[in-house]
Amino acid sequence: MDNPSDRHAQSPAREAAELAWEAAAARIHDANLALLRREDADADRLFPPGPAFSEALVDDDVLRSLGTGLEAYGEAKNIAGRMDLFMRLFAGTGDDEVPYIG
């Protein structure tokens, strides 16, 4: 018997591919953040410690802290006219292809 909700269920292979992509992107974000922490005190101060993007994939508390950090960092860089620093968080992930319109 065909259950209507089964037709909208994601295939395990597709779900695994998406999880692998998210993990890879998180590692890139973490590497970008580590570089920014060295040259921008705001990055070090506003984001949770450690590999926050990777940890946010499995820890809701870190996810909330990361969201708060992203908003605060984006606002600080916008005020300072340095959105280039904010966009460097997304370099190499494909997320940096969307132009910032301020």
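No experiment lies behind these values; they were computed from the predicted model shown.

Enquirer: Looking at this structure, I do not really get the overall build of the protein chain. What am I missing?
Expert: Counting its secondary structure elements, the protein chain contains five helices and zero strands. Overall, the protein chain shows an N-to-C arrangement of helices and strands of α-α-α-α-α. Residue pairs at least 24 apart in sequence account for 47% of intrachain contacts in the protein chain once pairs closer than 6 positions are excluded. Approximately 6900 Å² of the protein chain is accessible, and the part contributed by carbon and sulfur atoms is 56%.

Enquirer: Is there a simple way to explain the nonpolar core in this structure?
Expert: Nonpolar side chains in soluble globular proteins tend to end up buried together. Phe 47, Tyr 73 and Leu 89 are the most contacted members of the largest nonpolar core, which has 16 residues in total. When residues of this core are traced back to their parent elements, those giving at least two are helix H1 (12-39), helix H3 (52-56), helix H4 (60-79) and helix H5 (83-88). Beyond its immediate chain neighbours, meaning those up to four positions away, Phe 47 contacts Leu 33, Arg 37, Leu 66, Gly 69, Leu 70, Tyr 73 and Leu 89.

Enquirer: I would appreciate a short explanation of the side chain of Thr 93 in the present structure.
Expert: Inspection of the secondary structure puts Thr 93 in the segment after H5. Engagement of the side chain of Thr 93 in a polar contact is seen with the backbone oxygen of Phe 90, the distance being 2.6 Å. In contact with Thr 93, not counting residues within four places along its chain, are Trp 21, Ala 25, Ile 28 and His 29.

Enquirer: Quick question: what am I supposed to make of H4 here?
Expert: The α-helix winds at 3.6 residues per turn, so residues separated by three or four positions along the chain end up facing the same way. Counted at 1.5 Å a residue, the expected span for H4 with its 20 residues is 28 Å, and the 29 Å between its end C-alpha atoms agrees. Here H4 has its buried residues at Val 62, Leu 66, Gly 69, Tyr 73, Gly 74 and Lys 77. All buried residues of H4 project into a common sector of 130 degrees when viewed along the axis, lining one side. With respect to the buried face of H4, the exposed residues turned more than 90 degrees away are Asp 60, Asp 61, Arg 64, Thr 68, Glu 71, Glu 75 and Ile 79. Residues of H4 that are buried make contact with H1, helix H2 (41-46), H3 and H5. Where H4 starts, the residue carrying a side-chain oxygen 2.9 Å from the main-chain nitrogen of Asp 61 turns out to be Asp 59. Residue Gly 81 follows H4 closely and has a positive phi angle near 70 degrees.

Enquirer: Just to check I follow, could you spell out the pattern of salt bridges for this structure?
Expert: Here the idea is simple: oppositely charged side chains can pair when their charged atoms come close. The tally for this structure, following the rule as stated, stands at eight salt bridges. Between Asp 40 and Lys 77 there is a salt bridge; the shortest N-O distance is 3.1 Å. Of this pair, Asp 40 sits in the loop between H1 and H2 while Lys 77 sits in helix H4, placing them 37 residues apart in sequence. The class of Asp 40 is buried, set by a relative accessible area of 8%. Looking at Lys 77, the relative accessible area reads 5%, which means it is buried. With its nearest N and O atoms 2.4 Å apart, the salt bridge here joins Asp 61 to Arg 64. Here the residue Asp 61 and the residue Arg 64 both occupy positions in helix H4, the gap between them amounting to three residues, near one helical turn. Arg 64 carries the same exposure label as Asp 61, and that label is exposed. Taken together, the shared-partner salt bridges connect Asp 40, Asp 42, Arg 45 and Lys 77 into one network.

Conventions and cut-offs
- Residues numbered from 1 in each chain as written.
- Predicted model: local features only at pLDDT ≥ 70, side-chain atom pairs only at ≥ 80, totals over all residues.
- Heavy atoms only, no water.
- Helix = DSSP H or I, 4+ residues; strand = E, 2+ residues; numbered from the N terminus.
- Contact = heavy atoms within 4.5 Å.
- Areas by Shrake-Rupley, 256 points an atom, 1.4 Å probe, with all protein chains shown as cover.
- Core = buried A, V, L, I, M, F, W, Y, C linked by side-chain atoms within 4.5 Å.
- Buried < 20%, exposed > 50% of the residue type's maximum accessible area, 1.4 Å probe, protein only.
- Polar contact = N/O pair within 3.5 Å; in protein donor to acceptor, adjacent residues only side chain to side chain.
- Expected span 1.5 Å × (residues − 1).
- Arc of directions from axis to C-beta.
- Salt bridge = Lys/Arg side-chain N within 4 Å of Asp/Glu carboxyl O.

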